[in-house]
Amino acid sequence: MRKRVYSAMRPTGKLHLGHLVGALSNWKEFQEKYDCVFGVADWHALMGEYENSKTLKENTVEMVIDWLACGLDPEKAIFSVQSQVPEHLELQMMFSCLTPLGWLERNPTYKEQLREITTRDLQTYGFLGYPVLQAADILLYKANAVPIGEDQLPHLELTREIGRRFNHIFKTEFFADCDAILTQTPRLLGLDGRKMSKSYQNAINLSDSPDEIKTKVKGMFTDPKRLRLKDVGHPYECNVHSYFSIFAPEKKDQVREWCVNAQKGCTECKMILAEALVEYLRPITERREKFAKDRSKVWDILEEGRKKASVIARQTMSEVKQIVF
Ligand code: TRP
Ligand code: SF4
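What you see is a predicted model, and the numbers here were worked out from it, not measured in a lab.

Time to look at the site of ligand 2. In the vicinity of ligand 2, the residues found are Thr-222, Asp-223, Arg-226, Cys-238, Val-240, Cys-259, Cys-266 and Cys-269. Grouping the amino acids of the shell around ligand 2 by side-chain chemistry returns five nonpolar, one polar and two charged.

Structure below.
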């Protein structure tokens, strides 16, 4: 039996380069080797965006267009929208009954988000249960492996604990432990050197045009110690250099030579990077345009995914109910 892999993203809008190197390039590889289910976690998004709920539909299509553009293939993996498969919520309810409040209140991600996100009121019953729904997502498909970022590790640990608690209470071995698969690529920083994030407005989107990419790259922060062309640079302290490592590794050594010997200036260096990025993204951009013109096709793909996901979800829930009731 092939391993089952589950992962999901919240539909918060267009995806950026951080999503590509952090998640999508992994997902693309996994769809060849494993039975993959890729989820659109729209209930999770709603927990934060309940006052802007009408954005979720558009964000779902845009995100799935990005998935398709990056080479995720609905013939190889199941694309499933969480809110279209009601069993996610049934299993969440089941888990809610046996998850101790303390586990949720102690969750470091939860505490951090309550502290840091001030633009929305997250003091809700639903948001406290965020990881319970995430556990339901994963265990509904009996996933063995979950590709996630490091920030999601506490949630995966809770998933395992909830699965074990279910097994313990109902004297069963129904849910197996699932493993995290962490991304190998080093984390990509945003244009200003902070974490790349839509809310910091420091991201290059997969849907950006070549001109937008050039403008954004021109504004990138570089080695702060290099003010003039004749100053030698410190490429290892420069975010532009780390972009070369990821997106144009064949040019990286040459750039480093120029930089440490003060042979080329940062503006020129960034223009070279911008061109390399445009080339790197070209196949993605082309596929993106094709799917963006045919949105009904995207909904058809999601409808096919819903059917396939539902078969697995119904089976699991019927087994769970037999164990519990
Ligand atoms: N919480 C994840 C995030 O914000 C999204 C998510 C929801 C998820 N359900 C999941 C990730 C299940 C992995 C498995 O990125
Ligand atoms: Fe960074 Fe390039 Fe400037 Fe060196 S030349 S500091 S690598 S932008």
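Text resumes after the structure shown.
You will see that Lys-142, though not glycine, has its phi angle at about 45 degrees, which is positive. Secondary-structure assignment places Lys-142 in the loop between α8 (130-140) and β4 (145-148). You can call Lys-142 partly exposed: its relative accessible area is 34%. Despite not being glycine, Lys-171 has its phi angle at roughly 45 degrees, a positive value.

Time to look at the site of ligand 1. Near ligand 1 there are 13 residues, and of these Arg-10, Tyr-130, Gln-134, Asp-137 and Gln-152 occur at the shortest range. The contact in question runs from an oxygen atom of ligand 1 to an N or O atom on the side chain of Arg-10, over 3.0 Å. The side chain of Gln-152 places a nitrogen or oxygen atom 3.0 Å from a nitrogen atom of ligand 1. Elements represented by at least two residues in the shell around ligand 1 include exactly β1 (4-9), α8 and β4. A per-element tally of the shell around ligand 1 places α8 first, with four residues.

Once that is clear, we can look at helix α13 (residues 266-292). Of all the bends found along α13, the most pronounced is centred on Arg-282 and spans about 50 degrees, while Pro-283, a proline, follows it within four residues. Taken together, the buried positions of α13 are occupied by Cys-269, Lys-270, Leu-273, Ala-274, Ala-276, Leu-277, Val-278, Leu-281, Ile-284, Thr-285, Arg-288 and Phe-291. Looking at the buried residues of α13, the elements they touch are α1 (17-33), α3 (55-69), α10 (210-218), α11 (239-247), α12 (249-260) and α14 (295-324).

This paragraph deals with a negative patch on the surface. A cluster of like negative charges, contributed by Glu-112, Glu-116, Glu-150 and Asp-151, occupies part of the molecular surface. Here Asp-151 shows up in the loop between β4 and α9 (153-169). The class for Asp-151 is partly exposed, based on a relative accessible area of 45%.

Domain assignment breaks the chain into domain 1 (4-188 + 295-324) and domain 2 (208-288). Distance from the C-alpha centre of domain 1 to the C-alpha centre of domain 2: 35 Å. If you look at the interface, domain 1 gives 13 residues, while domain 2 gives nine residues. For the pair domain 1 and domain 2, the two sides together bury roughly 920 Å², of which 73% comes from carbon and sulfur. Counting the surface domain 1 buries against domain 2, the share from its top three residues, Leu-17, Ala-69 and Leu-188, is 49%. Taken together, the connections running from domain 1 to domain 2 amount to two salt bridges. The residue Arg-288 makes a salt bridge to Asp-66 at a minimum N-O spacing of 2.6 Å.

Mapped onto the elements of the fold, Gln-82 is located in the loop between β3 (77-81) and α4 (87-98). There is a polar contact of 3.3 Å between the side chain of Gln-82 and the side chain of His-44. Side-chain polar atoms of Gln-82 contact the side chain of Asp-137, separated by 3.0 Å. Filtering out sequence-adjacent residues up to four positions away, Gln-82 remains in contact with Val-40, Ala-41, Asp-42, Trp-43, His-44, His-88, Leu-133 and Asp-137.

The next subject is the packing of α4 against α14. Two quantities define a packed helix pair, namely the angle between the axes and the distance from one axis to the other. Packing of α4 against α14 leaves a shortest axis separation of 10 Å and a crossing angle of 25 degrees. Between α4 and α14, the angle falls in the class roughly parallel. Crossing of α4 over α14 shows left-handed handedness. Of α14, the residues touching α4 (which contributes Glu-87, Glu-90, Leu-91 and Met-94) are Ala-313, Arg-314, Met-317, Val-320, Lys-321 and Val-324. Split by residue class, the contact of α4 with α14 holds six nonpolar, no polar and four charged.

We now examine the side chain of Lys-270. One can find Lys-270 in helix α13. Although buried, Lys-270 forms no salt bridge, and the nearest oppositely charged side chain, Asp-223, lies 12 Å from it. Apart from residues lying up to four places away in sequence, Lys-270 is in contact with Val-217, Lys-218, Gly-219, Met-220, Thr-222 and Val-240.

Attention now moves to the packing of α4 against α9. It is at 10 Å that the axes of α4 and α9 come closest, and there the two elements cross at 75 degrees. Comparing the axis directions of α4 and α9 gives the class roughly perpendicular. Taking contact as the criterion, the partners of Met-94, Phe-95 and Leu-98 in α4 are, on α9, Ile-162, Arg-165, Phe-166 and Ile-169. Considering only residue class, the contact of α4 with α9 consists of six nonpolar, no polar and one charged.

Within this structure, the stated rule accounts for 22 salt bridges. Where Asp-231 meets Arg-228, a salt bridge forms, and the shortest distance between an N and an O atom there is 3.6 Å. A relative accessible area of 18% means that Asp-231 is categorised as buried. Taking the relative accessible area as the measure of exposure, Arg-228 reaches 48% and is therefore partly exposed. Of the charged contacts, one joins Glu-268 and Lys-264 as a salt bridge, the two residues approaching to 2.9 Å between their closest N and O atoms. Salt bridges linked by common partners bring Glu-58, Glu-62, Asp-66, Arg-288 and Arg-295 together as one network.

Cut-offs and rules
Residues numbered from 1 in each chain as written. Chains lettered and ligands numbered in written order. Predicted model: local features only at pLDDT ≥ 70, side-chain atom pairs only at ≥ 80, totals over all residues. Heavy atoms only, no water. Near = heavy atom within 4 Å. Nonpolar A, V, L, I, M, F, W, Y, C, P; charged D, E, K, R; others polar. Helix = DSSP H or I, 4+ residues; strand = E, 2+ residues; numbered from the N terminus. Buried < 20%, exposed > 50% of the residue type's maximum accessible area, 1.4 Å probe, protein only. Polar contact = N/O pair within 3.5 Å; in protein donor to acceptor, adjacent residues only side chain to side chain. Bend = angle between axes of the 7 residues up to and from the residue. Contact = heavy atoms within 4.5 Å. Patch = residues over 30% accessible without salt bridge, like charges linked within 9 Å, V, L, I, M, F, W, Y side chains within 5 Å. Areas by Shrake-Rupley, 256 points an atom, 1.4 Å probe, with all protein chains shown as cover. Salt bridge = Lys/Arg side-chain N within 4 Å of Asp/Glu carboxyl O. Lys, Arg positive; Asp, Glu negative; His and termini not counted. Charge placed at Lys NZ, Arg CZ, Asp CG, Glu CD. Domains from an automatic or database assignment. Buried area = accessible area lost by both parts, 1.4 Å probe. Axes fitted to C-alpha atoms, helices over the stretch in contact; angles between N-to-C directions. Parallel < 35°, antiparallel > 145°, perpendicular 65-115°, else oblique. Left-handed = near helix turned anticlockwise from the far one by under 90°.

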